[in-house]
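# Observations on the three-dimensional arrangement
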Amino acid sequence: MGHLVEDLIEIRKPKIPDNYDILFGVPIPPIDRLRTFSADQFEDMICEWVDGYLNAQYALVYRCGSAGDKGRDIVALLQDDKNGEWDNYQCKHYDHPLYPGDIWLELGKLCYYTFINAYSVPRKYYFISSCGIGNSLAELIENPIRLKEGLILAWNDKCKKKITGVSEIELTGELLSYVEQFDFSIITHCPPQKLIDQYSTTHFYKYRFGGGLNKQRPQPEKPKNSIQPDEVRYVSQLYEAYSDHIGESIHDIEKLKQYDKLWLNLKISA
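Now for a quick tour of the structure.

### Quick notes on the overall build of the chain
- On a plain count of helices and strands, the chain comes out with 12 helices and five strands.
- The buried share of the chain, reckoned over its 270 residues, is 36%.
- Partitioning the intrachain contacts of the chain with sequence separation of at least 6 by distance along the chain shows that 62% fall at a separation of at least 24.

Laid out in structure tokens, this is it:
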């Protein structure tokens, strides 16, 4: 009641959606749609990406996807041999970019399970996150020595009681020596923008992101000054229709102009 007129905000006229938006809703950018996936859907998509886009590199790609995966989400074998070289794709579907605290447990599992020979050290270990990685983690990945030092410092808090869920894993003795010698340069990542761009080339893309319809209709061409070859049949049939309607044979525009009403309708429709 006490507001001044100048305090009032003008109501802007809303944008009227086109028919496509009314039928299907306003399109969601792929980067935003990616973040609406469930964790399982995200892992399935990564498996499709690795198998569909990167398949030339691998002989076999499969998803572990269980509580006992020992820190492996998507396993990609370079040869059709489970004892041969392989890459690991670790999926993280969080509501924020990955921080160092989000990955210590995964690196702890990698070191522990390769130490006890549960599986071999992968050629590459990729972190794939729906929100990408933060600057602090990016800097660590670019500096493997600092990444190793960070894991050792975080071990007791992030790894010791959580690697197996059954027993505590002390970072001492041979295991400590193993971690100190471990090659952390195998750790890398793939930004979500690059992931979507590469995934869009696979036949899986339209099932998860849509895109089967073209929202924008092409602009109609301006009519030519003369009848085009592909228009001859249509024009001939049009003359026949007018001839049938009038009861007199019409074969050209000049004859049609004698009938003002029909000529006017023809110009309006054109």
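### Examining the packing of aromatic side chains
- Tallied over the entire structure, the rule returns 14 aromatic pairs.
- On the numbers, 6.1 Å between centres and 55° between planes, the contact of Y199 with Y205 is tilted.
- We classify Y199 as buried; its relative accessible area is 0%.
- With relative accessibility at 17%, the residue Y205 sits in the buried group.

### Details of the environment of H251
- With respect to the secondary-structure elements, H251 resides in the loop between α10 (232–246) and α11 (253–256).
- Taking the relative accessible area as the measure of exposure, H251 reaches 63% and is therefore exposed.
- Note: C-alpha distance between H251 and V235 (16 residues apart in sequence) is 9.5 Å.

### Some words on the pairing of strand β3 (residues 86–92)
- Here β3 lies mainly inside the structure; seven of its seven residues are buried.
- Burial along β3 is two-sided: W86, N88, Q90 and K92 and D87, Y89 and C91, pointing in opposite directions, are all buried.
- One ladder, built from four bridges, connects strand β2 (residues 74–77) with β3; its direction is antiparallel. Bridging across to β3, A76 finds its partner in D87.

### Describing the sheet that holds β3
- Here five strands make up an open sheet; going across it, the order is β1-β2-β3-β4-β5 and the pairing mixed. Each of the sheet's edge strands pairs with one partner strand only, and the pair in question is β1 (60–63) and β5 (187–190). Put simply, the sheet's adjacent strands are angled 20° from each other on average, direction ignored.
- Sitting on the sheet, helix α4 (residues 104–115) touches β3, β4 (124–129) and β5, and the angle it makes with β4 is about 155°.

### Observations regarding the side chain of S130
- Relative to the helices and strands, S130 is located in the loop between β4 and α5 (135–141).
- Among the polar contacts listed, one links the side chain of S130 to the backbone oxygen of Y94, at a separation of 3.4 Å.
- Residues contacting S130, with those up to four places away along its chain left out, are L34, R35, F42, K92, H93, Y94 and P192.

### Considerations on the nonpolar core
- One finds L107, L151, F184 and I187 to be the most contacted residues of the largest nonpolar core, which totals 33 residues.
- Counting only elements with at least two residues in this core, the list comes to β2, α4, β4, α5, α6 (144–159) and α7 (173–181).
- Element by element, the count of residues in this core is highest for α4, at six residues.
- The contact partners of I187, leaving out residues within four places of it in the chain, are L107, L110, Y125, F127, I141 and L147.

### Remarks on the state of the cysteines
- Here the structure, examined in full by the defined rule, presents zero disulfides.
- Not part of a disulfide, C47 finds its nearest cysteine sulfur in C91, a span of 8.6 Å.
- In this structure C47 comes out as buried when scored by relative accessible area, which is 16%.
- In this model C64 remains outside any disulfide bridge; the closest cysteine sulfur is found in C47, 9.7 Å from its own.
- In this structure C64 comes out as partly exposed when scored by relative accessible area, which is 22%.

### Quick look at the packing of α6 against α7
- Where α6 meets α7, the axes come as close as 9 Å, and the angle between the chain directions of the two elements is 150°. Judged by the inter-axis angle, α6 sits roughly antiparallel to α7. For the pair α6 and α7, the contacting residues are K148, L151, I152 and W155 in the first and L175, V179 and E180 in the second.

### As for helix α3 (residues 39–52)
- The terminal C-alpha atoms of α3, which comprises 14 residues, lie 20 Å apart, in line with the 20 Å expected from a rise of 1.5 Å per residue.
- Of the positions making up α3, those classed as buried are F42, E43, M45, I46, C47, E48, W49 and V50.

### A short note on the environment of Y125
- Mapping Y125 onto the fold places it in strand β4.
- Once the C-alpha coordinates of Y125 and L107 are considered, the two residues, 18 residues apart in sequence, prove to be 9.6 Å apart.

Thresholds applied
Residues numbered from 1 in each chain as written. Predicted model: local features only at pLDDT ≥ 70, side-chain atom pairs only at ≥ 80, totals over all residues. Heavy atoms only, no water. Helix = DSSP H or I, 4+ residues; strand = E, 2+ residues; numbered from the N terminus. Buried < 20%, exposed > 50% of the residue type's maximum accessible area, 1.4 Å probe, protein only. Contact = heavy atoms within 4.5 Å. Phe/Tyr/Trp six-rings, centres within 6.5 Å; stacked < 30°, edge-to-face > 60°. Pairing = 2+ DSSP bridges. Axes fitted to C-alpha atoms, helices over the stretch in contact; angles between N-to-C directions. Polar contact = N/O pair within 3.5 Å; in protein donor to acceptor, adjacent residues only side chain to side chain. Core = buried A, V, L, I, M, F, W, Y, C linked by side-chain atoms within 4.5 Å. Disulfide = S-S within 2.5 Å. Parallel < 35°, antiparallel > 145°, perpendicular 65-115°, else oblique. Expected span 1.5 Å × (residues − 1).

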